[in-house]
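A look at the structure
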Amino acid sequence: MDKHYTESKGLHLNYSIITDMIEKDAQVLDLGCGDGTLLKMLKNKGICARGIDISQSNIVKCLEKGLSVFQGDIDEGLMGYSDKSYDYVILNQTLQLTEKPDYVINEMLRTGKKIFVSFPNFGYWRIRFYLFFKGKMPKSNILPFEWYDTPNIHLLTIRDFLEFAKKNNIKIEKKICTRKAKIRNKFFQKYLSDNFFAEEVIFLCSRE
Amino acid sequence: MITETKILKLNEKIVLQSGAELENVQIAYETYGKLNKNKDNAILLLHALTGDAHAAGYHKGDKKPGWWDDMVGKGKAFDTDKYFIICSNMLGGCSGTTGPNSINPKTGVEYGLSFPIFTIEDVVKVQKKLIDYFGIKKLCTAGGSMGGMQALEWAISYPEMVNRAIVIASTSRLSAQSIAFNAVGRNAILSDANFNNGNYYHAQKPEKGLAIARMIGHITYLCEEAMHEKFARRFQDNDSPHFTFDIDFEVESYLAHQGQAFVDRFDANSYLYITKAVDYFDLAKKFGSLENAFKNVLAKFLVISFTSDWLFPSEQSKELCRALMKNKKDVSYCEIQSPCGHDAFLLEFETQTKIIKSFLNDCGGNNG
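Residues numbered from 1 in each chain as written. Chains lettered and ligands numbered in written order. Predicted model: local features only at pLDDT ≥ 70, side-chain atom pairs only at ≥ 80, totals over all residues. Heavy atoms only, no water.

Another aspect to go through is a nonpolar patch on the surface. Taken together, A:Phe129, A:Phe132 and A:Phe133 make up a surface patch of nonpolar side chains, about 400 Å² in accessible area. Looking at the element boundaries, A:Phe129 is found in helix H5 (residues 125-134). (Patch = residues over 30% accessible without salt bridge, like charges linked within 9 Å, V, L, I, M, F, W, Y side chains within 5 Å. Areas by Shrake-Rupley, 256 points an atom, 1.4 Å probe, with all protein chains shown as cover. Salt bridge = Lys/Arg side-chain N within 4 Å of Asp/Glu carboxyl O. Helix = DSSP H or I, 4+ residues; strand = E, 2+ residues; numbered from the N terminus.)

Listed below in structure tokens is the structure:
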């Protein structure tokens, strides 16, 4: 694992991957858009993107960038957004923060033709080892919080998401593991999965 | 900043939505900042129910500045270093623009109730004459409450002119509850013994009725929390009741003061007409649906609401945004945490300044 990935740099990696995968002129909705960095990248590519965020200071930062943003709570759903009105709905690094992740994903699939969901993988080997050896709630660069002040209330692993997708008739179109540990050992490569080696994942999904 | 209200006299007659015609219409207005060479740095401010053209600065000798002085000026949300700011008194008002208290050129006496019923669309139509007078082809419209309705109406009526619209604590139509409050206000005026069918300009004015209308208004502009904060259950003097029907509580004294201050500056007939125009405003009804109303707008919208505003609740602002988004229009929405009720749009200037400044940030207005 490359140690030099800072949190923001890691996020930017996601931003470029997602931006690269979306075609020009697409209609995109970014849930939990933060300060609008991803929206701006999408807009620069000629993509028609708008965002939703709960925080007023983030809304101000987005407005400064000339973006269209809506202050709202995505846990309240996407009421008022019609079915399949967006080509892509994005939930980047936000799933684990939502109160009702299942509801949010279903709302995304209702309003978007395709959806991007990215989250830190709690099955990552370092996290497993942290809990195993230290016996404490794991902390890392992308999970920097203490157990009592973390906003991450629904942490999950890649396998959890795959099971969830199967149960809910969600088709996984693509799975991109970012910040994946480099493995030389062939045995490990063969028998241990992304769920073990990837620190973060981006799924591109659609409704089956 | 010393400012003064100017008058523009229109030569042509104005045909209203109802078909009625008005002649010799005049518009009272103020401007702040400079119009640039390209004439593309204008912002038209639109006042609320009882506002006037005097949005900012001080009139000579006055102790109180204009109604939005916190927001308009050097370095403020509506920055006079960058923008040419215009504010006019609305049609039907009583602060310089033609209204029921103006002299009807045909009769030589005040219009009173013979003044035609007008709509928000008519109000905007008259403002357009002022904008044309300046030779402005592109502008930003901004207003709170009824001013927000006009900002919307502008973007719909003149889509090619409005490149930005800022709609604060407003709605595309009043709720039945809000119409009800307006109706009680009008009833108070209409049933005042001095009302005399609107012909009171040379006699005793219907002050009691107008004051009661204003008191009701002020209740709706605040909210429970704001009232508790301001007055709680405190008594006006001492800390004991008078055991009479005179003013006991601080909140009573506040309302009485607001009522009295209002009758000194506002015309009862204007109150009737303007509240009616606000009640009639209904974009969904006019265009079949709210979505349809925004079909042709080209402006970039900023919609702001306040959490404790129950007169123009956030939900109505969100409804606006959704209709715009369904049309794939550029719209941003911000809900400001505030305990001030509907009045927040006149009080919460720090947060609004941040939001409005960043919204206007990339529109490049300057004096260059």
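Read on for the rest.
All right, on to the interface of chain A and chain B then. Taken together, the contact between chain A and chain B spans 19 residues of the former and 25 residues of the latter. Summing both sides of the interface, chain A and chain B together bury roughly 1800 Å²; the carbon and sulfur share of this comes to 52%. The largest contributions to the chain A side of the interface with chain B come from A:Arg50, A:Leu63 and A:Phe70, which together make up 30% of the buried area. The tally of links from chain A across to chain B stands at 0 salt bridges. The tally of links from chain A across to chain B stands at 11 residue pairs in polar contact (both at pLDDT 80 or more). (Contact = heavy atoms within 4.5 Å. Buried area = accessible area lost by both parts, 1.4 Å probe. Polar contact = N/O pair within 3.5 Å; in protein donor to acceptor, adjacent residues only side chain to side chain.)

All names here are of chain B. Its 14 residues place the ends of helix H1 (residues 120-133) 20 Å apart at the C-alpha level, agreeing with the 20 Å of an ideal helix rising 1.5 Å per residue. When we look at burial in H1, the residues that qualify are Ile120, Asp122, Val123, Val124, Val126, Gln127, Lys128, Leu130 and Ile131. A positive backbone phi angle near 75° is found at Gly135, which sits one or two residues after H1. (Expected span 1.5 Å × (residues − 1). Buried < 20%, exposed > 50% of the residue type's maximum accessible area, 1.4 Å probe, protein only.)

Under the criterion given, the structure shown has 19 salt bridges over all chains. Here B:Lys106 makes a salt bridge to B:Glu23, at a shortest N to O gap of 3.9 Å. In this pair, B:Lys106 is assigned in the loop between strand E8 (84-88) and H1 and B:Glu23 in the loop between strand E3 (21-22) and strand E4 (26-32), connecting sequence segments 83 residues apart. The class for B:Lys106 is exposed, based on a relative accessible area of 70%. With a closest N to O distance of 2.8 Å, B:Arg186 and B:Asp279 form a salt bridge. Of this pair, B:Arg186 sits in helix H3 (residues 176-190) while B:Asp279 is found in helix H7 (residues 268-280), placing the two residues 93 residues apart along the sequence. Judged on exposure class, the residue B:Arg186 and its partner B:Asp279 are both buried. Shared partners join several salt bridges into a network, and the residues in it are A:Asp83, A:Glu107 and A:Arg110.

Another aspect to go through is the layout of surface pockets. One simple way to see leftover space: roll a probe sized like a water molecule over the atoms. By volume, the largest pocket is sized at about 1300 Å³. If you go around the largest pocket, you meet 45 residues; those closest to its centre are B:Thr50, B:Trp67, B:Arg214, B:Arg265 and B:Leu346. Of all the secondary structure elements, the ones that give two or more residues to the lining of the largest pocket are H3, helix H4 (207-221), helix H6 (250-263), H7 and helix H11 (344-347) of chain B. In terms of residue count, H4(B) provides more of the lining of the largest pocket than any other element does, 7 residues in total. Class assignment for the residues of the lining of the largest pocket results in 21 nonpolar, 15 polar and 9 charged. Both domain 1 (6-174 + 283-363) and domain 2 (178-274) of chain B contribute no fewer than three residues apiece to the lining of the largest pocket. Computed from the structure, the second largest pocket encloses a volume of approximately 760 Å³. Along the wall of the second largest pocket there are 32 residues; nearest its centre are A:Gly32, A:Asn92, A:Gln93, A:Thr94 and A:Leu97. (1 Å grid on protein atoms, 1.4 Å probe; cavity = no way out; pocket = protein on both sides within 12 Å on 5 of 7 lines; lining within 4 Å. Points joined across faces, edges and corners; volume = space filled by probe spheres on them. Nonpolar A, V, L, I, M, F, W, Y, C, P; charged D, E, K, R; others polar. Domains from an automatic or database assignment.)

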